[in-house]
Amino acid sequence: MASAVLKVAAAGFSRCSRAAILRGHSTTAPLRQGVPGSLWKLGKLNHIAIAVPDMEKATALYRDVLGATVSEKVPLPEHGVYTVFVELGNTKLELLHPLGEKSPISGFLQKNKSGGMHHICIEVDDITAAVADLKSKNIRTLSAEPQIGAHGKPVMFLHPKDCDGVLVELEEA
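Here we summarise the structure given alongside this text. (Residues numbered from 1 in each chain as written. Predicted model: local features only at pLDDT ≥ 70, side-chain atom pairs only at ≥ 80, totals over all residues. Heavy atoms only, no water.)

## Focus on the overall build of the chain
From N to C terminus, the chain includes 4 helices and 9 strands. Listed by position from the N terminus, the elements making up the chain come as α-β-α-β-β-β-β-α-β-α-β-β-β. Here the chain holds 173 residues, and the buried ones make up 35% of them. Of the contacts made within the chain by residues no fewer than 6 positions apart, 52% connect residues no fewer than 24 positions apart. (Helix = DSSP H or I, 4+ residues; strand = E, 2+ residues; numbered from the N terminus. Buried < 20%, exposed > 50% of the residue type's maximum accessible area, 1.4 Å probe, protein only. Contact = heavy atoms within 4.5 Å.)

In structure tokens, the structure reads:
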């Protein structure tokens, strides 16, 4: 009887071992950060931008209530916004408030009185190659050429209708 139990246990062990070995060697392709055959690669999430109707109140929430490190308020007249960055360790929040009458954030806040998520920003290693490739795939951009963004690096916004309803900012890393 003991030998029969040992044979069953050994048989079960060998099946488990084979299954574990097979699982260890997946036949699925690894996740790729770059577009196949492309000259550019998608990088990390740089920030999530939040439009706020009251910059001082929003800054105080993140700094005083939640204990985050926040930057000074910086005017970016070329983009029609004031920005404050909230450091989160693995990414940032960008608080946006209108600057001037033609601010794109003014229109957003008219539709969303309490504010809310405005866009996400993802890094790319080559913005020129990324924009050319995406345009060839019929992804619309909100400007003809990349502009210098809040971090002093080239950025390009992709049309939300082509990105599942999300305004996507690409920033060169």
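## Some details on the pairing of strand 1 (residues 42-51)
In summary, the side chains of a regular strand alternate between the two faces of the sheet. Sheet topology places strand 1 next to strand 6 (residues 116-124); 7 bridges connect them, and they run antiparallel. Following the sheet pairing, A49 is matched in strand 6 by H119. Strand direction decides the pairing type here: strand 1 and strand 5 (residues 92-98), joined by 5 bridges, are parallel. Among the inter-strand pairings, I50 is bridged to a residue of strand 5, identified as L95. (Pairing = 2+ DSSP bridges.)

## Observations concerning the nonpolar core
In this structure, W40, V124, I127, L134, L158, V168 and L170 are the most contacted members of the largest nonpolar core, which totals 14 residues. Of all the secondary-structure elements, those providing two or more residues to this core are strand 6, helix 4 (127-136), strand 8 (154-158) and strand 9 (168-172). Broken down by element, this core gets its largest block of residues, 5 residues, from helix 4. What V168 contacts, discounting residues up to four positions off in sequence, is I120, I122, M156, F157, L158 and C163. The next biggest cluster of nonpolar side chains, apart from the first, holds 11 residues, and it includes V52, A68, L93 and L95. (Core = buried A, V, L, I, M, F, W, Y, C linked by side-chain atoms within 4.5 Å.)

## Details of the layout of surface pockets
For the largest pocket, the calculated volume is near 580 Å³. Residue lining of the largest pocket: 28 residues in total, with P104, H118, L142, F157 and L167 positioned closest to the centre. For the lining of the largest pocket, the element with the most residues is helix 3 (residues 104-111), which contributes 5 residues. (1 Å grid on protein atoms, 1.4 Å probe; cavity = no way out; pocket = protein on both sides within 12 Å on 5 of 7 lines; lining within 4 Å. Points joined across faces, edges and corners; volume = space filled by probe spheres on them.)

## Re helix 4
Of all the positions in helix 4, only I127, A129, A130, V131, D133 and L134 are classed as buried. Check the buried side of helix 4 and you find it contacts strand 6, strand 8 and strand 9. A distance of 3.2 Å separates the backbone nitrogen of T128 from a side-chain oxygen at the start of helix 4, and that oxygen is part of D126. (Polar contact = N/O pair within 3.5 Å; in protein donor to acceptor, adjacent residues only side chain to side chain.)

## Looking at a nonpolar patch on the surface
On the surface, a nonpolar cluster with roughly 300 Å² of combined accessible area is contributed by L61, V65 and L66. Looking at the element boundaries, L66 is found in the loop between helix 2 (55-65) and strand 2 (69-70). The exposure class assigned to L66 is exposed, which follows from its relative accessible area of 56%. (Patch = residues over 30% accessible without salt bridge, like charges linked within 9 Å, V, L, I, M, F, W, Y side chains within 5 Å. Areas by Shrake-Rupley, 256 points an atom, 1.4 Å probe, with all protein chains shown as cover. Salt bridge = Lys/Arg side-chain N within 4 Å of Asp/Glu carboxyl O.)

## Things to note about unusual backbone geometry
Even without glycine at this site, N138 takes up a positive phi of about 65°. Even without being a glycine, D164 presents a positive backbone phi close to 55°. Note on placement: D164 falls in the loop between strand 8 and strand 9. Owing to a relative accessible area of 81%, D164 belongs among the exposed residues under this scheme.

Just geometry here; none of it tells us what the structure is for.
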